[in-house]
Amino acid sequence: MFGLTFALIVVYLLALYVYAKFKYRFANKIPSTEPMVPFFGNGLEFAQKNCYKIFVNLKRVFENNKHHRLFKLCFGPIVVLCPTHPDLIQKVMTDTGSMEKPYVYEFLRVDLGLLSAKYDTWKVHRKLLNPTFNTRILNSFIPIFNDCADKMIESIHEHAAPGKVLNILEFTSPCTLAMICRTSLGGKVLEREGTQKFVEGLEIILSNVGLRMFNANLHPDIVYRFTRFYRREMESRKFCYAFTDKIILEKQQELAEAKTKGKQDTNNNASDSGNDNFEEEEDDLLSYKKPQIFIDQLLTIPLPDGKPFSHKEISDHIYTMIAAGNETSATQAAHTLMYLAMHPEVQEKAVKEIKELLPTPESKITSEVMKNMVYMERIIKESQRLAPVAAVYGRKTIADLQLDQFTIPKGNIFILNIFALHRRKEYWGEDAELFNPDRFLPENSKNRHPFAYLPFSGGNRGCIGNRYAMMSMKTIVSAILRNFKISTDLEYEKIEFKFKVSMHLSGPHRTFVEPRNLYG
Ligand code: HEM
């Protein structure tokens, strides 16, 4: 019996191997990379490796193959395509034939959210949701950003002591989570019963998704379902969904009541946005009276058939925003602070700009100040070049795609390694490894290939929250610099990275903070 089962498995695997060889024959002439082991291909370089090793190996294979515009990685008989030249990356990111995401995005379990939605759903929803990130709406979030940053500063003061090392990510993380929850679910979301468990649940869900993405053994659902990670993830999901379902239902009721009373404000055409009673900024005639909370908008935007978004669609969009916007912004802000701690002269220049734009201790960031933080923007951009939190992402073809002389059939996967692209000397010069925010001065950027810099991805499926993220990071980094002088004992040349969901430092963001008397 055992012999027969074994023989059947062997025949099945062989048939699969032959089928895959046939399916990927289009890639025979695409350059491959060493070490290529018979039967396993490049798979052994990545199988059973930890998040740090996978990052290092992926970095190495892209560096070794940068002279090829396109190369392939083989996982057994399965081929994954790796464009390295910005022309080809541009084509992959902008062609409708490669607008879909590989299966690993399904691990997020928000299949109707923008990040992982199938192309046909994505196309309709993205068009409807683009206006929810317009300038007026983003400006309406600035008071929330300021308030969250103030709370972060209070917390740093509570924990700081001379000579004590802080992991600055532990302060930026709760701050971005508060920002994203308050702008997507309303002002009081983190004051509700069960908040602590909700926040912990989100962390468990995201870290399990990351763990699964970078561990091929856990990819098959049938395997993952039997692990303790699955059980923990499902328990957390159950609690988190119950928490947010309640908010969605309450909002739906509020909206229905407002409609029957006919009291809807045309400016703020949704329900009360959670008592974020911020006054309209006098200097900005183009601002809303209240923050335009994402859920309120989701409840009022009609789909092309006139129906509202379903409960599942609303929930998936909310969780997508939290998943895509929280950890990314927190980690990128922490990376930026790390680079500033290592470059005191850049830090002092940034502080000078902050003092000019916020001349008194009472000055608050407004839309005008946000716009004028040009040096800060260059610093964040440079940190995104050297340490892009979204270091690697994927695409899948839904139609044939022509890349140079190769026709890539439908159903194939691309890996885009942005970390490697951002350090290519051909596009960034001989000093590509150095931290220099001035490379983003307009005069230094004008001849650069538009697809050589992609921290927020590119094309129509690029990050919808890129301006939101830049505003929140400017608020966080400037608040910290305004209050503290920061330094670190980490050395620039020795920084190492690893994958979690996004790209992290291999260790903590070790930071010393010393109170700064900016207005003394
Ligand atoms: C530093 C912060 C951020 C970085 C580096 C970043 C980066 C990215 C990247 C690279 C993608 C494309 C991913 C892919 O194709 O697999 C993406 C997509 C997305 N991001 Fe961001 N993001 C950031 C912050 C945010 C924020 C704050 C939000 C929301 C408030 C957000 C919402 C989204 C959404 C919804 C998508 C999917 C877009 C689509 O497919 O239409 N992101 N982001």
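Computed from a predicted model, the values in this text were never measured in an experiment. (Residues numbered from 1 in each chain as written. Predicted model: local features only at pLDDT ≥ 70, side-chain atom pairs only at ≥ 80, totals over all residues.)

A. Fine view of the overall build of the protein chain. In terms of regular secondary structure, the protein chain is built from 19 helices and 11 strands. The globule rule puts the C-alpha radius of gyration for 520 residues at 24 Å, and the 24 Å found for the protein chain is close to it. Across its three principal directions, the C-alpha atoms of the protein chain cover 75 × 60 × 45 Å. A burial count over the protein chain gives 40% of its 520 residues as buried. Looking at the protein chain alone, contacts between residues at least 24 apart form 74% of all its contacts between residues at least 6 apart. (Helix = DSSP H or I, 4+ residues; strand = E, 2+ residues; numbered from the N terminus. Rg over C-alpha atoms; globule rule 2.2 N^0.38 Å. Buried ≥ 20, exposed ≤ 12 C-beta atoms within 10 Å, placed from the backbone. Contact = placed C-beta atoms within 7 Å.)

B. Quick peek at the site of the ligand. In the region of the ligand, 23 residues are neighbours, and Gly-325, Ala-390, Ser-457, Cys-463 and Gly-465 sit closest. Among the elements that line the shell around the ligand, the one with the most residues is helix H12 (residues 311–342), at seven residues. Here the residues of the shell around the ligand are counted per class, giving 14 nonpolar, seven polar and two charged. (Near = placed C-beta within 6 Å. Nonpolar A, V, L, I, M, F, W, Y, C, P; charged D, E, K, R; others polar.)

C. Local environment of the nonpolar core. Core analysis: the biggest nonpolar cluster contains 121 residues, and Leu-337, Ile-476 and Val-477 have the highest contact counts within it. Tallying contributions element by element places H12 first for this core, with 15 residues. Sequence-distant contacts of Ile-476, defined by excluding residues within four places in its chain, comprise Ala-149, Met-152, Thr-172, Cys-175 and Ala-333. (Core = buried A, V, L, I, M, F, W, Y, C linked by C-beta atoms within 7 Å.)

D. Highlighting the sheet that holds strand S7 (residues 413–417). Taken in spatial order, the four strands line up as S1-S2-S7-S4 in an open sheet, and their pairing is mixed. Only two strands of the sheet have a single partner each, and these edge strands are strand S1 (70–75) and strand S4 (392–396). With strand direction ignored, the average angle separating the axes of adjacent strands in the sheet is 30°. Across five bridges, S4 lies against S7 in antiparallel orientation. If you follow Val-392 over to S7, its bridge partner there is Asn-417. (Pairing = 2+ DSSP bridges. Axes fitted to C-alpha atoms, helices over the stretch in contact; angles between N-to-C directions.)

E. Looking closely at unusual backbone geometry. For the bond from Glu-34 to Pro-35, the omega torsion is -5°, close enough to zero to count as cis. Position of Pro-35 among the secondary structure elements: in the loop between helix H1 (2–23) and helix H2 (51–64). Positive phi, close to 65°, is recorded for Ser-457, a residue that is not glycine. Relative to the assigned elements, Ser-457 resides in the loop between helix H18 (442–445) and helix H19 (466–483). By C-beta crowding, Ser-457 is classed as partly exposed, having 16 other C-beta atoms within 10 Å.

F. Expanded view of the pairing of S1. In the sheet, S1 pairs with strand S2 (residues 78–83) via six bridges, with the strands oriented antiparallel. Across the sheet, residue Phe-75 finds its bridge partner in S2, namely Ile-78. The antiparallel hairpin formed by S1 and S2 contains two residues in its connecting segment, where Gly-76 sits at a positive phi of about 60°.

G. Quick peek at the UniProt feature "binding site: heme" (unreviewed entry) in the protein chain. Those places that UniProt annotates as "binding site: heme" (unreviewed entry) correspond, in this numbering, to Cys-463. In this fold, Cys-463 is placed in the loop between H18 and H19. Sequence-distant contacts of Cys-463, defined by excluding residues within four places in its chain, comprise Phe-456 and Ser-457. (UniProt positions renumbered as here; feature names shortened; annotations may be inferred.)

H. Main features of the sheet that holds strand S3 (residues 166–167). With antiparallel pairing, the three strands of this open sheet are ordered in space as S3-S11-S8. Edge strands, defined here as strands with exactly one partner in the open sheet, are S3 and strand S8 (484–487). Where S3 lies against strand S11 (residues 510–515), two bridges are found, and the strand directions are antiparallel. The partner of Asn-167 across the bridge, within S11, is Arg-510. Its contacts with the sheet place H12 against S8 and S11, and it is angled at close to 80° to S8.

I. Structural detail: the environment of Glu-433. Take Glu-433: it is sitting in the loop between helix H17 (425–428) and H18. Exposure remark for Glu-433: the 11 C-beta atoms within 10 Å place this residue in the exposed category. Considering only alpha carbons, one finds Glu-433 and Phe-451, 18 residues apart in sequence, at a separation of 19 Å.

J. Seen up close, the pairing of S11. Relative to S11, S8 runs antiparallel, the two being bridged by four bridges. From the neighbouring strand, Phe-484 faces S11, where its bridge partner is Pro-515.

K. Representation of the confidence of the model for the protein chain in the model. For the protein chain, mean pLDDT is 91; residues scoring 70 or higher make up 95% of the total. A low-confidence stretch, residues 269–285 stays under pLDDT 50, and its non-local contacts, those more than four residues away or across chains, total 44 contacts. What the predictor reports for the complex is a pTM of 0.92 with an ipTM of 0.99. (pLDDT = per-residue confidence, 0-100.)

L. Geometry of the packing of helix H13 (residues 344–357) against helix H15 (residues 374–386). It is the contact of H13 with H15, at a shortest axis distance of 8 Å, that shows an interaxial angle of 145°. Contacts between H13 and H15 pair Val-346, Lys-349, Ala-350 and Glu-353 from the former with Tyr-375, Met-376 and Ile-379 from the latter. Considering only residue class, the contact of H13 with H15 consists of five nonpolar, no polar and two charged.

M. Focus on the environment of Ser-315. Position of Ser-315 relative to the elements: it lies in helix H12. By the C-beta count within 10 Å, which is 22 here, Ser-315 ends up buried. Look past the residues within four positions of Ser-315 in its chain and what remains in contact with it is Tyr-241, Thr-244 and Ile-248.

N. Spatial organisation of the packing of helix H8 (residues 195–213) against helix H10 (residues 228–261). Following both chains from N to C, one finds H8 and H10 inclined at 140°, their axes separated by 8 Å at the closest point. Between H8 and H10, the angle is such that the two are oblique. Between H8 and H10 lies a crossing whose hand is left-handed. Contacts between H8 and H10 pair Lys-197, Phe-198, Gly-201, Leu-202, Ile-204, Ile-205, Asn-208 and Leu-211 from the former with Phe-229, Arg-232, Glu-233, Ser-236, Arg-237, Phe-239, Cys-240 and Phe-243 from the latter. When the residues that make up the contact of H8 with H10 are grouped by side-chain class, the tally is nine nonpolar, three polar and four charged. (Parallel < 35°, antiparallel > 145°, perpendicular 65-115°, else oblique. Left-handed = near helix turned anticlockwise from the far one by under 90°.)

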